[in-house]
Amino acid sequence: MKKKRNWNLKSKHILIIMVVVCVGLMLLTFAAKFPVQSVRTTAGYTIIPFQNGLNKVGNALDGFTEGFRSKKKLIEENKALQSKVDDLTAENSRLTQNVSELARLQELYQLDQQYNEYDKIAAEVIAKNSGNWYSTFTINRGSEDGILVDQNVIAGSGLVGIVTEVGAHWATVRSIIDDSSNVSAMTVSTSANCVVCGDLRLMDEGKLQFIHLKDDEDKVQEGEKIVTSAVSDKFLKGILIGYVSEIEEDPNNLTKTGTLTPAVDFEHLQEVLVIKELKQQKEEDK
């Protein structure tokens, strides 16, 4: 049996073959210009298709290169546009925050004017209890700013709560929606007394509860304003708490119970006003 030969071309062999081919092509090109018609014809049949192929390859490479350049340019333009979009998005976010902050500050200013008989100081909410509602929270003002325990806190359109603890540069506020909160209140139209009770379960419906309302003549209706009363030992008189949303007679037929919509958004508190007067001091000054 004959042994099969393994044909392995080394790099130098490939190089020699390519050199031979190139020399042959050069000779054919020269021959194409040779005056002998037969040689020129033969060379023409060989060289022209090869040249056409090279031209097609060259054109294809040119097209590919141009396409690559266009794609690269588009990618760069896209990156530049995306950067502008990101900048505009960030700027829009800043403007939206500024508008929102301006609206809150205008609301706070209007509240300040509404209760202009009291000396007040503005404060920011810097911490809160867990959960959605601001039942207790911390502000960035303290004893160094004249904050005292039992000072009333307002925001939005009315009463937020009362200061319960004070540090040098901070204070804790318990809001009227806290389960432990009870505020002596009254109706604006009839001055009938009642008690507004904190109830976090009701706040999920956006409501507060009031109890022990005396309304023998059924004058109190939905939409009635409820404010802090003169008999409260800690809350200043006449601060808006909310509006009656539901009312019903108690089983004893003597008092009424119901719910009210608070005048403050207890889910989004950011700034508040602290009234720097205590109810006890005001009573003593009279």
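Residues numbered from 1 in each chain as written. Predicted model: local features only at pLDDT ≥ 70, side-chain atom pairs only at ≥ 80, totals over all residues. Heavy atoms only, no water.

(A) Looking closely at the overall build of the chain. Counting secondary structure elements, the chain contains 4 helices and 12 strands. Relative to its 286 residues, the chain shows a buried fraction of 34%. Accessible area for the chain stands at about 18,700 Å²; split by element, carbon and sulfur atoms hold 55% of it. (Helix = DSSP H or I, 4+ residues; strand = E, 2+ residues; numbered from the N terminus. Buried < 20%, exposed > 50% of the residue type's maximum accessible area, 1.4 Å probe, protein only. Areas by Shrake-Rupley, 256 points an atom, 1.4 Å probe, with all protein chains shown as cover.)

(B) Structural view of the packing of aromatic side chains. What the rule picks out here adds up to 1 aromatic pair. Where Tyr134 meets Phe137, the ring centres are 6.1 Å apart and the plane angle is 70 degrees; that geometry is what we call edge-to-face. Tyr134 gets classed as buried once you look at its relative accessible area, which sits at 13%. We note Lys128 situated over the ring of Tyr134; from NZ or CZ to the ring centre the distance is 5.0 Å. (Phe/Tyr/Trp six-rings, centres within 6.5 Å; stacked < 30°, edge-to-face > 60°. Lys NZ or Arg CZ within 6 Å of the ring centre and 35° of its normal.)

(C) Molecular detail of the environment of Ser175. Summarising the element assignment, Ser175 is placed in strand β5 (residues 171–175). Sequence spacing of Ser175 and Gly161 is 14 residues, and the spatial spacing of their C-alpha atoms is 3.9 Å. Beyond its immediate stretch of four places on either side in the chain, Ser175 contacts Tyr134, Ser135, Phe137, Val160, Gly161, Ser181 and Phe266. (Contact = heavy atoms within 4.5 Å.)

(D) Structural detail: the sheet that holds strand β3 (residues 152–155). Spatially, the 6 strands close up into a barrel ordered β1-β2-β5-β4-β3-β12, and their pairing is antiparallel. On average, each strand axis in the sheet is tilted by 45 degrees relative to the strand beside it, whichever way the strands run. In the sheet, strand β4 (residues 158–166) pairs with β5 via 5 bridges, with the strands oriented antiparallel. Opposite Val163, over in β5, you have Val173 as the bridge partner. (Pairing = 2+ DSSP bridges. Axes fitted to C-alpha atoms, helices over the stretch in contact; angles between N-to-C directions.)

(E) Expanded view of the side chain of Asn152. Relative to the assigned elements, Asn152 resides in strand β3. Among the polar contacts listed, one links the side chain of Asn152 to the backbone oxygen of Lys234, at a separation of 3.1 Å. Polar side-chain contacts of Asn152 include one of 2.8 Å to the backbone nitrogen of Leu236. Each residue touching Asn152, except ones within four places of it in the same chain, is listed here: Gly161, Ile162, Lys234, Phe235, Leu236, Ile239, Leu273, Val274 and Ile275. (Polar contact = N/O pair within 3.5 Å; in protein donor to acceptor, adjacent residues only side chain to side chain.)

(F) Highlighting the pattern of salt bridges. Under the definition given, this model contains 8 salt bridges. Linking Asp199 and Arg201 is a salt bridge whose minimum nitrogen-to-oxygen distance equals 3.6 Å. Residue Arg201 is classed as exposed on the basis of its relative accessible area, which comes to 68%. It is possible to trace a salt-bridge network through shared partners that takes in Asp215, Asp218 and Lys256. (Salt bridge = Lys/Arg side-chain N within 4 Å of Asp/Glu carboxyl O.)

(G) Representation of the nonpolar core within the structure. Of all hydrophobic cores here, the largest spans 51 residues; its most connected members are Phe137, Val196, Ile241, Phe266 and Leu269. Phe266 has contacts with Asn132, Trp133, Tyr134, Leu159, Val160, Ser175, Ile176, Ile177 and Met203, leaving out every residue within four places of it along the chain. (Core = buried A, V, L, I, M, F, W, Y, C linked by side-chain atoms within 4.5 Å.)

(H) Seen up close, the environment of Thr172. Along the chain, the position of Thr172 falls in strand β5. Residues Thr172 and Thr136, spaced 36 residues apart in sequence, show a C-alpha to C-alpha distance of 7.0 Å. Ignoring sequence-local partners within four residues, the contact set of Thr172 consists of Phe137, Thr138, Ile162, Val163, Thr164 and Glu165.

(I) Structural view of the sheet that holds strand β9 (residues 225–228). Spatially, the 6 strands close up into a barrel ordered β6-β7-β8-β11-β10-β9, and their pairing is antiparallel. For this sheet, the mean angle separating the axes of adjacent strands, direction not counted, is 40 degrees. Both strand β6 (residues 182–187) and strand β7 (residues 193–197) contribute to a ladder of 5 bridges, which runs antiparallel. For Asn182, the partnering residue across the bridge sits in β7 and is Cys197.

By themselves these figures say nothing about function.
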